[in-house]
Amino acid sequence: MAQWDAEVAVVGLGAWGACALWQLAERGVDAIGIERHQPGHSLGSSHGGSRMFRVTCLEHPGLVPLARRSRELWSRLEDSADQQLFFPVGGLLIGPKDGRVAGGTLTAAYRHGIEVSTLTGQALRFHYPRHVGVPEGHIGVREPSAGIIRPELSIRAAVNRAEKCGARILTDTRITTYDLVPGGVVLRTSQGELRVRQVVFTVGSWLSSLVGGLPLRTVRMPITWFRPLEPGDDTFGLEQFPVFMRELDDGTILWGNGAEGGHDVKLGIEDRADALPLDPEAYDRSVGPLDWSALTALLPAKLPGLEPLPSKVAVCMLTRTPDGQFVIGRPGDDPRVVVAGGDNAHGFKHATGIGEALAEIVRGEEPTVPIGFMSPNRFG
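If you're wondering where the values come from, they're calculated on a predicted model, not measured in any experiment. Throughout this description, residue numbers start from 1 for each chain and increase along the sequence as written. In keeping with the model being predicted, local features are shown solely for residues with a pLDDT of at least 70 and side-chain atom pairs are shown and tallied solely at 80 or more, while totals for entire chains, interfaces and linings include all residues. Based on all heavy atoms of the structure, the side-chain values leave hydrogens and waters out of the count.

### Focus: the sheet that holds strand S8 (residues 147-149)
- DSSP-based pairing: two strands are paired if at least 2 bridges between them are found. Numbered from the N terminus, helices here are DSSP runs of H or I no shorter than four residues, and strands are runs of E no shorter than two. The 3 strands are arranged S3-S8-S4 in an open sheet whose pairing can be described as antiparallel. This sheet does not close on itself; its edge strands, each paired only once, are strand S3 (51-53) and strand S4 (86-87).
- One ladder, built from 3 bridges, connects S3 with S8; its direction is antiparallel. Bridge assignment links Arg-51 to a residue of S8, and that residue is Ile-149.
- What makes two residues a contact is simply this: any of their non-hydrogen atoms within 4.5 Å. Every angle, taken between N-to-C directions, lies between 0 and 180 degrees, and every axis is a line fitted to C-alpha atoms, over only the stretch in contact when it is a helix. Here helix H2 (residues 63-81) sits on the sheet in contact with S3, S4 and S8, set at roughly 120 degrees to S3.

Structure (structure tokens):
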């Protein structure tokens, strides 16, 4: 009979992998977590100091139940860590009433009974004076349940909880190759060989290099921080400049949040059409004017009062799928392999719920939240 090192290996301990390992360990599963760097690192897609959370998910109707479940699990993770990870500061979604952002938010809210309130363009300009140049016909939608999550702290909290529940953690360990064998998987790592019955690949932009046949494409996504022109300008604090998404007339979507927790004002452009493709293994992490010039060109007319150059710039890797939805499940229905990827810039908020879903897939349990629309087999 084969000797197994563990029942399950979770490869990649970013947001999704860390939460999957936590959920598996809490269920008493013999699990190993494998991370090529250290949990909470800044070399992938799970960093940046803050991440937006909202329940009014406009990307797919099935994401609202997942967001609600994720919110419950964020609270559970906070309780176990005895540390605040989620900050319910509320959110603001701005754009044409029938547009993707504001219109999509209203559709999700009405369909799922989510509490929101609307603001006319005039009221929006009064209550949130830093959002200027809002055209007539655009509205604001306030979602009280929105907020921000601390990504690095959350990942470390989930990994720590998993370890306390019995999971083993291997850091600075890279998977080089793996073989599917009868009844399990042999993982070849930079630290040696591991034999497990199942493997969960949550490696972000590296997923397509490990699992073939997935239509994933990785692009460069800059994140920028700015300081107000006037030091101490409280109109750029979270109260008057909350976490937001704002759709412009040409379809460009700005996102960000006000200064908080020692961080400057955080801003970005969502999923730019001209985003540069990149190879995660040959990833140039240096930054230059191309990473912020498109954004800074918009600031004087849309968000005036900030310094013309960012105080800090970081780069995330964004993995896209053809339909903009995640890829979660068993490729080819193989009982030995589970994948989770295709973040498409809206995955962090769902990390706890996705971690639970991955644990349920591994254990063959009925899903708490249906995620069939995310199947990796939907592309044919």
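The rest of the description comes next.
### Some thoughts on the domain arrangement of the protein chain
- As annotated, the domain borders come from an automatic or database domain assignment. Entries for the protein chain in the domain assignment read domain 1 (6-49 + 151-216 + 323-374), domain 2 (91-144) and domain 3 (217-320).
- Measuring from the centre of the C-alpha atoms in domain 1 to the corresponding centre in domain 3 gives 29 Å.
- Facing the 17 residues of domain 1 at the interface are 16 residues of domain 3.
- Buried area between domain 1 and domain 3, summed over both chains or domains, comes out near 1,400 Å², and the portion from carbon and sulfur atoms is 52%.
- Salt bridges are defined by distance alone: a side-chain nitrogen of Lys or Arg within 4 Å of a carboxyl oxygen of Asp or Glu. Put simply, Arg-36 and Glu-281 hold a salt bridge, and the shortest N to O gap is 3.2 Å.
- In the analysis that follows, any N or O atom pair within 3.5 Å is treated as a polar contact, provided that within protein one partner can donate a hydrogen and the other can accept it, and provided that, for residues neighboring in sequence, both atoms belong to side chains. Taken together, the connections running from domain 1 to domain 3 amount to 9 residue pairs in polar contact (both at pLDDT 80 or more).
- Following the grouping adopted for this structure description, the nonpolar residues are Ala, Val, Leu, Ile, Met, Phe, Trp, Tyr, Cys and Pro, the charged ones are Asp, Glu, Lys and Arg, and the polar ones are all others, Gly among them. Here the side of domain 1 that touches domain 3 is built from residues that sort into 5 nonpolar, 9 polar and 3 charged. When two parts are put together, the accessible area they lose, computed with a 1.4 Å probe and summed over both, is reported as buried area.

### Topic: unusual backbone geometry
- The backbone of Asp-82 sits at a positive phi, close to 50 degrees, despite the residue not being glycine.
- With respect to the helices and strands, Asp-82 occurs in the loop between H2 and S4.
- The backbone phi angle of Asp-333 is positive, close to 60 degrees, even though this residue is not glycine.
- Relative accessibility decides the category of a residue: with a 1.4 Å probe and only protein chains considered, values under 20% of the type maximum give buried, values over 50% give exposed, and everything between is partly exposed. Overall, Asp-333 belongs to the exposed group, its relative accessible area being 60%.

### Concerning the sheet that holds strand S15 (residues 253-257)
- Read from one edge of the open sheet, 8 strands run S6-S7-S5-S14-S15-S16-S13-S17, paired in mixed fashion. Edge positions in the open sheet fall to strand S6 (117-119) and strand S17 (312-320), since each of these has one partner strand only. Direction aside, the axes of adjacent strands within the sheet are offset by 20 degrees on average.
- Where S15 meets strand S16 (residues 265-269), 4 bridges bridge the pair, whose relative direction is antiparallel. Bridging from a neighbouring strand, Asn-257 pairs with Lys-266 of S16.
- The strands touched by helix H3 (residues 102-112) within the sheet are strand S5 (91-96), S6 and strand S7 (138-143), with S5 carrying the most contacts at an inclination of about 120 degrees.

### A short note on the pattern of salt bridges
- The final tally for this structure, using the stated rule, is 22 salt bridges.
- Arg-54 is the salt-bridge partner of Glu-59, the closest N and O atoms lying 2.6 Å from each other. Comparing Glu-59 with Arg-54, the two get one shared label, buried.
- Overlapping salt bridges, with partners in common, bring together Arg-27, Glu-360, Arg-363 and Glu-365 in one network.

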